[in-house]
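Next come the chains, spelled out residue by residue.
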Amino acid sequence: GENVEQHPSTLSVQEGDSAVIKCTYSDSASNYFPWYKQELGKGPQLIIDIRSNVGEKKDQRIAVTLNKTAKHFSLHITETQPEDSAVYFCAATLISGSARQLTFGSGTQLTVLP
Amino acid sequence: EAQVTQNPRYLITVTGKKLTVTCSQNMNHEYMSWYRQDPGLGLRQIYYSMNVEVTDKGDVPEGYKVSRKEKRNFPLILESPSPNQTSLYFCASSKARDGYYEQYFGPGTRLTVT
């Protein structure tokens, strides 16, 4: 099955700096890569996702890049703000019909220091 | 408001005492799933359901049962809880049609088994 590794486990940045979280996956057939943000005391929430036919996707201050050859993808947050502090999870799966099984990484605790 | 609800939010129980964690969604989603979240391990899928009366094992199904008698409800049953099932549990739901892959998570249930 799929295996997703995520690094770093914790990340502290100064407000206004950029943050990068990296994930690698093992199954070359995986073609869908979402990122979820989990705020304290809440369930994860999708913030951005990318399909394997796209190398990069951007949504305001958040961007995700995908390198299929190397089997890794990354989340980039620019101009970080205190409200970006949360746990971020990457995930990977093969979209097959209506399958919804996701394999998650172990999570990154991001702290944005004022 | 579109949401996934879980009850209870917190539960402390003893080994061997059967318990049920309820999950309900009001978005008419076909797909529902249960995850457990443990430090350093991310989110691991326990069971999922593609529709009423259709359930399947995820990555860590041992010690758990589920049922899907109604589209909106997907209870998680621990017949004989053990301390290694102490964890944070999340229910999630999603449309099960191609092009719709976002999973909506509930607020979580923190379970402690002594």
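Every residue gets a number counted from 1 within its own chain, in the order that chain's sequence is written. Here every chain gets a letter starting at A, and every ligand a number starting at 1, in the order they are written. Residue-level local features of this predicted model are given only where pLDDT is at least 70; pairs of side-chain atoms are given and counted only at 80 or more, and the full residue set underlies all totals for whole chains, interfaces and linings. Processing note: side-chain calculations cover all non-hydrogen atoms of the structure and skip hydrogens and water entirely.

(A) Representation of the interface of chain A and chain B. A contact between two residues is defined here by any heavy atoms of the two lying within 4.5 Å. Residue-level contacts link 20 residues of chain A with 28 residues of chain B. When two components associate, each loses some accessible surface as probed by a 1.4 Å sphere; the sum of these losses over both components is called the buried area. Summed over both sides, the interface of chain A with chain B buries roughly 1800 Å², with 53% coming from carbon and sulfur. Salt bridges are identified by distance alone: a Lys or Arg side-chain nitrogen within 4 Å of an Asp or Glu carboxyl oxygen. At the surface where chain A touches chain B, the tally comes to zero salt bridges. Broken down by secondary-structure element, the contributors of at least two residues to the side of chain A that touches chain B are strand E4 (32–38) and strand E5 (45–51) of chain A. To qualify as a helix, a DSSP run of H or I must reach at least 4 residues; to qualify as a strand, a run of E must reach at least 2; elements of each kind are numbered from the N terminus. Of the residues forming the side of chain A that touches chain B, the biggest block, three residues, is contributed by E4(A). Put simply, Ala, Val, Leu, Ile, Met, Phe, Trp, Tyr, Cys and Pro go in the nonpolar bin, Asp, Glu, Lys and Arg in the charged bin, and everything else, Gly too, in the polar bin. Residues of the side of chain A that touches chain B, tallied by class, amount to nine nonpolar, eight polar and three charged.

(B) Here's a closer look at the sheet that holds strand E3 (residues 19–25) of chain B. Residues and elements named next belong to chain B. By the convention used here, strands pair only if DSSP detects at least 2 bridges between them. Taken in spatial order, the four strands line up as E1-E3-E8-E7 in an open sheet, and their pairing is antiparallel. Looking along the sheet, the strands with just one partner apiece sit at the ends: strand E1 (4–7) and strand E7 (65–66). In the sheet, E7 pairs with strand E8 (residues 76–78) via two bridges, with the strands oriented antiparallel. The partner of Lys65 across the bridge, within E8, is Ile77.

(C) Structural view of the side chain of A:Thr93. Positionally, A:Thr93 belongs in the loop between strand E9 (86–92) and strand E10 (103–104). Apart from the residues within four sequence positions on either side, A:Thr93 is in contact with A:Ser30, A:Asn31, A:Tyr32, A:Gln101 and A:Leu102.

(D) Structural detail: the sheet that holds strand E8 (residues 72–77) of chain A. Residues and elements named next belong to chain A. Strand order in the open sheet made by the five strands is E1-E3-E8-E7-E6, with antiparallel pairing throughout. Looking along the sheet, the strands with just one partner apiece sit at the ends: strand E1 (4–7) and strand E6 (56–59). Averaged over all adjacent pairs, the angle separating strand axes in this sheet is 15°, with direction ignored. Inspection of the sheet shows E1 paired to strand E3 (residues 19–25) by four bridges, in the antiparallel sense. Bridge pairing in E3 links Val4 to Tyr25. Note on definitions: angles span 0 to 180 degrees between N-to-C directions of axes, and those axes are lines fitted to C-alpha atoms, for helices only across the stretch in contact.

(E) Representation of the environment of B:Ser82. Residue and element names in this part refer to chain B. Turning to its location among the elements, Ser82 is positioned in the loop between E8 and strand E9 (87–94). By relative accessible area, Ser82 is classed as partly exposed at 23%. Taking C-alpha positions, Ser82 is 8.5 Å from Gly63, a pair spaced 19 residues apart along the chain. Ignoring any residue separated from it by four or fewer positions in sequence, one finds Ser82 in contact with Thr15 and Val113. Within the local environment of Ser82, its side chain forms a polar contact with the side chain of Asn84, the two groups lying 2.5 Å apart. Throughout this description, buried means an accessible area under 20% of the type-specific maximum (1.4 Å probe, protein chains only), exposed means over 50%, and partly exposed covers the range between. Nitrogen and oxygen atoms within 3.5 Å of one another constitute a polar contact, given that in protein one can donate a hydrogen and the other can accept it, and given that sequence-neighbouring residues count only through two side-chain atoms.

(F) Region of the structure containing the state of the cysteines. Residues and elements named next belong to chain B. We call a pair of cysteine sulfur atoms a disulfide when they lie within 2.5 Å. This model, assessed by the stated rule, comprises two disulfides over all chains. In this model Cys23 forms its disulfide with Cys91; the gap between the sulfur atoms is 1.9 Å. One disulfide, between Cys23 and Cys91, carries an S-S torsion of -70° and so falls in the left-handed class. With Cys23 in strand E3 and Cys91 in strand E9, the pair connects residues that are 68 residues apart, well separated along the chain.

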